Amino acid sequence: MNKLSQEQSLYLQQHASNPVEWHAWNEDTLKKARDEQKLMFVSIGYSSCHWCHVMEHESFEDAEVAEAMNRFFVCVKVDREERPDVDAFYMEAIQRITGQGGWPLNVFTLPDGRPFYGVTYFPKKDLLTLIDSIVNLYA
């Protein structure tokens, strides 16, 4: 079940009805990923970001995408305006890894939170292919 309905951030609340089992960035969420040894999918954005809303509509509201994300990842939604520290850390990492950045920033991390890959806006079909590749690589 999605964990964002009680969050203060309007951006996080906007994602509260998504079928993706979103968690807020907090110690309980990080502990869950470590305890379950699951990769994290950390999605960072903000409420006035056009491409954040496009990706939500195309992917995060989609049952097929949600099923894949929920099965393989602890999914974390971060409001960059509420957590600029988390945004800055992952943005710098992804810029070093890929040479580019932007929002929405979608980061794949190890269970301990160390990033290993990330993308900005990704259409549904490409996101599903990427998820499949990441899961196979991690296995």
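Everything below is about the structure printed above this text.
Rules of the game
Residues numbered from 1 in each chain as written. Predicted model: local features only at pLDDT ≥ 70, side-chain atom pairs only at ≥ 80, totals over all residues. Heavy atoms only, no water. Helix = DSSP H or I, 4+ residues; strand = E, 2+ residues; numbered from the N terminus. Rg over C-alpha atoms; globule rule 2.2 N^0.38 Å. Buried < 20%, exposed > 50% of the residue type's maximum accessible area, 1.4 Å probe, protein only. Contact = heavy atoms within 4.5 Å. Areas by Shrake-Rupley, 256 points an atom, 1.4 Å probe, with all protein chains shown as cover. Lys, Arg positive; Asp, Glu negative; His and termini not counted. Charge placed at Lys NZ, Arg CZ, Asp CG, Glu CD. Pairing = 2+ DSSP bridges.

Some points on the overall build of the protein chain
For step 1, the next point in the chain: Helix and strand counts for the protein chain come out as 6 helices and 5 strands.
For step 2, the next point in the chain: When its helices and strands are written in sequence order, the protein chain yields α-β-α-β-α-α-β-α-β-β-α.
For step 3, the next point in the chain: For a compact globule of 139 residues, the expected C-alpha radius of gyration is about 14 Å, and the protein chain comes in at 13 Å, within 12% of that figure.
For step 4, the next point in the chain: Counting every position in the protein chain, which comprises 139 residues, the buried fraction comes to 47%.
For step 5, the next point in the chain: Across the protein chain, the fraction of contacts at a sequence separation of at least 24, relative to all contacts at a separation of at least 6, is 65%.
For step 6, the next point in the chain: Of the roughly 7000 Å² of accessible surface on the protein chain, 51% is carried by carbon and sulfur atoms.
For step 7, the next point in the chain: Charge-centre separation for the protein chain: the mean point of 13 positive side chains lies 4 Å from the mean point of 21 negative side chains.

What to know about the pairing of strand β2 (residues 39-45)
For step 1, the next point in the chain: For β2, the buried fraction is high: 7 of the 7 residues fall into the buried class.
For step 2, the next point in the chain: Along β2, one buried face is formed by Leu39, Phe41, Ser43 and Gly45 and the opposite face, lined by Met40, Val42 and Ile44, is buried too.
For step 3, the next point in the chain: The pairing of β2 with strand β3 (residues 73-79) spans 7 bridges and is classified as parallel. Bridging across to β3, methionine 40 finds its partner in valine 74.
For step 4, the next point in the chain: Pairing of β2 with strand β4 (residues 105-109), which is carried by 5 bridges, proceeds in the antiparallel orientation. Across the sheet, residue serine 43 finds its bridge partner in β4, namely asparagine 106.

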